[in-house]
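Spelled out from the first residue to the last, the chains are:
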Amino acid sequence: MKRSAVLVAGALLAASCAAAEAELARMEVLPQVVSVDGDGDESVIYDPTVTSAADGAQDPSDPSAEAAPPADVAPPANTEPGEPDPASTDDPADPGTDDSADPDDPDPGDPVEPASQVPVVTPSIVERYPHDGAAFTQGLEFGDGLLIESLGLLGESARRQVEVTSGEVNGSARLDDDQFGAGLTVVDTRVIQLTWQQGVAIVADLITLTELGQFTFDGEGWGICNLDDRRLAMSNGSGFLTFRDATTFDPIGELEVTRDGEAVENLNELECVGTKIYANVWLANDILEIDAATGVVTRVIDATALVPDNTAPDDVLNGIAYRAETDTFFLTGKRWTVMYEVSFG
């Protein structure tokens, strides 16, 4: 009796397990999904028997599976297939998206130098003339048709009349050995010649060059010229010009010279023409055109092209003489073998 009961119980358990397995199998096996088109033709959309990754099948029952993108989805705008999305990367052709800094780029906080407002011109050569290559020229000016030149250096300083076309010296007068000649100018029939550091201005006759007297002044004497209103403009190597009375040599005013609003330095040999003062800049090849009323530099004459080859550093441009008859300037320098007649335009 007991054995029969056990057998019956076992049979019931086996049947129950078989039924459970069948139910599970029914639940796991999903039906094949079929699509029917308008002509009645069937096509398989999903086949549960195809599970190989190589076949590209995806089990729709797997909640972890990600849907593949549709084949007809276009790449992001403005890109070629396989290229990165420009929204996520810097465009190397676009400097606005380049995060790397150029070491040559100025710092946004650095001040920017404004462009110069003063025009720069080069002189036009009209003629070339010979010049004494041993002459340490300090000043040059026409007076009554005569070209008067001042020479410097201790023991060699002089004033002399020079024939323009030949460069020959027609007359000369030496200074004392302890006097270093500087710029000169002509006032009527007199020549006023500065000394550099001796505080003396020598007055001489225009024709004979004989000394007639002296003026004294404070500081250094570099260049001098005669304005039309009988004021003299005098330089001392700074950026200031001193106005002096042409008769008494007394100082009567001062003028600061500026270029683009900035002070200048080393004003040297001078030449006055109307309301303009032309000034050599020592150790430079520039001649500044200065408004005599305001001190503002109105033009720069770049005479670099006139400097002779193999010129020593100290043998600088240093001689400006204006000839009204031809409206031209005569330019030379210390120990130059040439003197130029030029136009500033």
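Below, the structure is looked at part by part. (Residues numbered from 1 in each chain as written. Predicted model: local features only at pLDDT ≥ 70, side-chain atom pairs only at ≥ 80, totals over all residues. Heavy atoms only, no water.)

1. What to know about the pattern of salt bridges
Under the counting rule described, the total for this entry stands at 8 salt bridges. Taking the shortest distance from any N to any O, the salt bridge between R160 and D132 comes out at 3.1 Å. Taken as a pair, R160 in strand β7 (residues 158–162) and D132 in the loop between β4 (124–130) and β5 (137–143) lie far apart in primary sequence, 28 residues in all. Judged by relative accessible area, R160 falls into the buried class, the value being 9%. Its relative accessible area of 30% is what places D132 among the partly exposed residues. Notably, a salt bridge pairs D315 with R335, separated by 2.8 Å at the nearest N-O pair. Within this pair, whereas D315 is found in the loop between β22 (297–302) and β23 (317–323), its partner R335 is found in the loop between β24 (328–333) and β25 (338–343), the two being separated by 20 residues in sequence. A single network of salt bridges, built from pairs that share partners, joins D132, E149 and R160. (Salt bridge = Lys/Arg side-chain N within 4 Å of Asp/Glu carboxyl O. Helix = DSSP H or I, 4+ residues; strand = E, 2+ residues; numbered from the N terminus. Buried < 20%, exposed > 50% of the residue type's maximum accessible area, 1.4 Å probe, protein only.)

2. So, the side chain of T328
Structurally, the position occupied by T328 is in strand β24. Reaching out from T328, the side chain makes a polar contact with the side chain of T326 at a distance of 2.5 Å. When sequence neighbours within four positions are dropped, the list of residues in contact with T328 reads V126, A321, Y322, R323, E341 and V342. (Polar contact = N/O pair within 3.5 Å; in protein donor to acceptor, adjacent residues only side chain to side chain. Contact = heavy atoms within 4.5 Å.)

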